Structures are given as C-alpha cells and as structure tokens.
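# Understanding the architecture of this molecule
Given next are the chains, with one letter for each unit.
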Amino acid sequence: MKITELFKVEGKVAVVTGGSRGIGRMIAEGLVSNGVRVYITARKADACDATAAELSEIGECISIPGDMSTEKGVTAFAAAVSEREDQLDILVNNAGAVWGAPIGEFPDEGFDKVLAINVKAPFMLTQALLPLLKASGSAEDPARVINIGSIDGRRVPDTPNYSYSASKAGIHMLTRHMAHHLVHEDITFNAIAPGPFESKMMAYALDDPETRKAIEGVVPRGRIGSPEDVAGTVLYLSSRAGAYLTGAIIPVDGGISTHGSG
C-alpha cells in the first residue's frame, strides 16, 4: 500500500475539455506530468494547439480542437479520439461558460449558451465516449469521469450569474445521477466544485488588486486556488486511491462551503 502505487496514473489515457487554459490547463498539466497521455480540446484551435505543444515538452499531450456545445462538435471529437484509442481511462468535463446580467435584463441567450456548454455538453460527450470508457473499466480500476462544477452550484453567489449557478447545480446532480445508473459498468462519476482559481472567467476580478484582495478575504484559507490544488484532486480521483469513490461532489474552495449557503 505504498503511496507511489496508490496515486499512480502513469500509462493512462485522458481527455480534458477546455484544456487550453485556466483550470482545464492546470488539470491537463497535472496529468501529463504524471505519465498520462492527454487529449485536450477547445474551441480556439490556435490556443489548443499552443497549449498541447507546451505540455508536450513534459509529457504527451494531443490537441483536437472542437466546439463541445454542438452535436457536430461532440460527434467529431469522439470519433477523433476513437480513431486513436481503444479505451479511455479518464474523462474530465471541464469546458464551461458564464453569463452575468441583472434580473430583468437577463437574455434568453444567457441561458441557452451556458446550459448547453455546462450541462448538455458533458452529458453528450460522456455518452459518445461511453464505449471507450466501458472498455477501460474494471472492478479494481474503473474508468473515471470527473465533472468540473463550481462552488456557485452549492451556494447562492453575490453576482447575478443566474444561469451559471443553476448549470453548476445541474452538473452536480447529473454527476450523481450518472454515478447511480452506471456504477455496474465499472465507471465512476465524481464532480469537483472549485472556488476561486486563476481563469479567464475570473480574470475580470482577479486582475484588479483590490478586488482580488476582497475575494481572498472571503476564502477561509485566505488565498486563491493553485494548480496543485485542483490537479491534486483529479490525480486522487483518477488513481487507485480514489477507485471506491463515486457520486461525490468535492468542494475545492479553501473552505468557502463551510459557511453561508453552501
């Protein structure tokens, strides 16, 4: 029961959506650094290719750009992975969108876009990759699906991001639902609910020193999340150490969920 064996992921194959930046890149780097062959996807091909090239300096990272919010994009991406791999060990559904607007001014598009990317796309991509996940899973080493939710799906946020918080609550429940129905397929489903991390979604706040300080002030741990925080959680869930966990929503939020409406 050595730690090197408990947390070993070397030789596995993973997909990380939205892997070109932010939390997705942090996760992809953590997996690549530990011997996982990682496929990343993102809508912007240049950014996806550039990140894959950078991460390939430390391991194996392949770029397959695509739009996971469309049926065509999901189908094409799943086909591209299936052409290259006979099985898939780890699927990280990370790609996401956010929309903020005051109530009374919130547009239809703000719900359609966010729910399509944050809830529908993870389900449809998981469904499309299910044959590869089933081919990987065993009783001792199941395939892993890790959905990236948000602490805003567990509490009422101060910002008027109505569709985002609703979508993240939705992906948390979808995770539990799929975990329940697919447990006998030797696939585990868990979700991570991050607090504040460096990302494009939070750049508007974290790039301003005063706003950043204010955000850090509401985090009990007193800081913004680091790449090691989220990558470490994914490595645990993807390794033998996390093989018995399914249907869990893990807050990686510096303690925010210990108070308020979390």
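Residues numbered from 1 in each chain as written. Predicted model: local features only at pLDDT ≥ 70, side-chain atom pairs only at ≥ 80, totals over all residues. Heavy atoms only, no water.

### Notes on the overall build of the protein chain
Per the secondary structure count, the protein chain includes 10 helices and 7 strands. Computed over the C-alpha atoms, the radius of gyration of the protein chain is 18 Å, within 12% of the 18 Å expected from 2.2 N^0.38 for a compact globule of 262 residues. Taking the principal axes of its C-alpha atoms as reference, the protein chain extends roughly 50 × 45 × 40 Å. Looking at the protein chain as a whole, 49% of its 262 residues qualify as buried. Taking contacts inside the protein chain between residues at least 6 apart in sequence as the whole, the part at least 24 apart equals 71%. Accessible surface, the protein chain: about 12,600 Å² in total, of which carbon and sulfur atoms supply 53%. Across the protein chain, the 24 positively charged side chains and the 32 negatively charged ones have centroids separated by 3 Å. (Helix = DSSP H or I, 4+ residues; strand = E, 2+ residues; numbered from the N terminus. Rg over C-alpha atoms; globule rule 2.2 N^0.38 Å. Buried < 20%, exposed > 50% of the residue type's maximum accessible area, 1.4 Å probe, protein only. Contact = heavy atoms within 4.5 Å. Areas by Shrake-Rupley, 256 points an atom, 1.4 Å probe, with all protein chains shown as cover. Lys, Arg positive; Asp, Glu negative; His and termini not counted. Charge placed at Lys NZ, Arg CZ, Asp CG, Glu CD.)

### Comments concerning the sheet that holds strand 4 (residues 90-93)
The 7 strands lie next to each other as 3-2-1-4-5-6-7, forming an open sheet whose pairing is parallel. Only two strands of the sheet have a single partner each, and these edge strands are strand 3 (61-63) and strand 7 (249-252). If you compare each strand with its neighbour and ignore which way they point, the axes differ by 20° on average. As paired strands, strand 2 (residues 37-41) and strand 3 are joined by 3 bridges and run parallel to one another. Note on strand 3: the bridge partner recorded for isoleucine 40 is serine 63. Sheet strands in contact with helix 3 (residues 45-55) are strand 2 and strand 3, and its direction is about 165° off that of strand 3. Across the sheet, helix 7 (residues 162-182) lies against strand 5 (143-148), strand 6 (187-194) and strand 7, angled at about 165° from strand 6, the strand it touches most. (Pairing = 2+ DSSP bridges. Axes fitted to C-alpha atoms, helices over the stretch in contact; angles between N-to-C directions.)

### Remarks on the packing of aromatic side chains
Tallying each qualifying case throughout the model produces 3 aromatic pairs. A centroid spacing of 6.4 Å and a plane angle of 45° characterise the contact between phenylalanine 7 and tyrosine 236, whose relative ring orientation is tilted. Pair noted here: phenylalanine 7 is in the loop between helix 1 (3-6) and strand 1 (13-17) and tyrosine 236 is in helix 10 (residues 227-238), with a separation of 229 residues, a long-range link. Their ring planes at 65° and their centres at 5.4 Å tell us that phenylalanine 106 and phenylalanine 111 sit as a pair that is edge-to-face. Classification of phenylalanine 111 by relative accessible area gives partly exposed; the value is 33%. (Phe/Tyr/Trp six-rings, centres within 6.5 Å; stacked < 30°, edge-to-face > 60°.)

### A few points about the pattern of salt bridges
The full count for this structure, using the stated rule, is 9 salt bridges. Linking glutamate 60 and arginine 37 is a salt bridge whose minimum nitrogen-to-oxygen distance equals 3.8 Å. Placement of glutamate 60 in the loop between helix 3 and strand 3 and of arginine 37 in strand 2 is noted, with a sequence separation of 23 residues between them. The partly exposed category is assigned to glutamate 60, whose relative accessible area is 42%. Using a relative accessible area of 24% as the deciding quantity, one classes arginine 37 as partly exposed. Between glutamate 140 and arginine 240 there is a salt bridge, and its shortest N-O distance comes to 3.5 Å. Of this pair, glutamate 140 sits in the loop between helix 6 (130-136) and strand 5 while arginine 240 sits in the loop between helix 10 and strand 7, and the two are 100 residues apart along the sequence. Judged by relative accessible area, which is 53%, glutamate 140 ranks as exposed. (Salt bridge = Lys/Arg side-chain N within 4 Å of Asp/Glu carboxyl O.)

### What to know about empty space enclosed by the protein
Applying the stated criterion across every chain yields a total of 1 cavity of 30 Å³ or more. A volume near 50 Å³ is recorded for the largest cavity. The element best represented in the lining of the largest cavity is helix 5 (residues 108-128), accounting for 4 residues. Residues that form the lining of the largest cavity fall into these classes: 6 nonpolar, 2 polar and no charged. (1 Å grid on protein atoms, 1.4 Å probe; cavity = no way out; pocket = protein on both sides within 12 Å on 5 of 7 lines; lining within 4 Å. Points joined across faces, edges and corners; volume = space filled by probe spheres on them. Nonpolar A, V, L, I, M, F, W, Y, C, P; charged D, E, K, R; others polar.)

### Describing the layout of surface pockets
Considering only enclosed or pocket space, the second largest pocket measures out at about 190 Å³ in volume. Lining of the second largest pocket is provided by 13 residues; of these, Ala139, Pro142, Thr188, Ala243 and Tyr244 occupy positions nearest its centre. Class assignment for the residues of the lining of the second largest pocket results in 7 nonpolar, 3 polar and 3 charged.

### Topic: the pairing of strand 1
Counting buried positions along strand 1 gives 5 out of 5 residues, so the element sits mostly inside the fold. Residues Val13, Val15 and Thr17 of strand 1 are buried on one face, and the alternating residues Ala14 and Val16, pointing to the opposite face, are buried as well. Sheet topology note: the strand 1/strand 2 ladder contains 5 bridges and is parallel. By the bridge assignment, valine 13 is partnered in strand 2 with arginine 37. The parallel pair strand 1 and strand 2 is bridged by helix 2 (residues 22-33), and the resulting crossover is right-handed. Relative to strand 4, strand 1 is paired through 3 bridges, and the arrangement is parallel. (Right-handed = clockwise from strand over helix to strand, strands pointing away.)

None of the figures reported here should be taken as evidence of function without further support.
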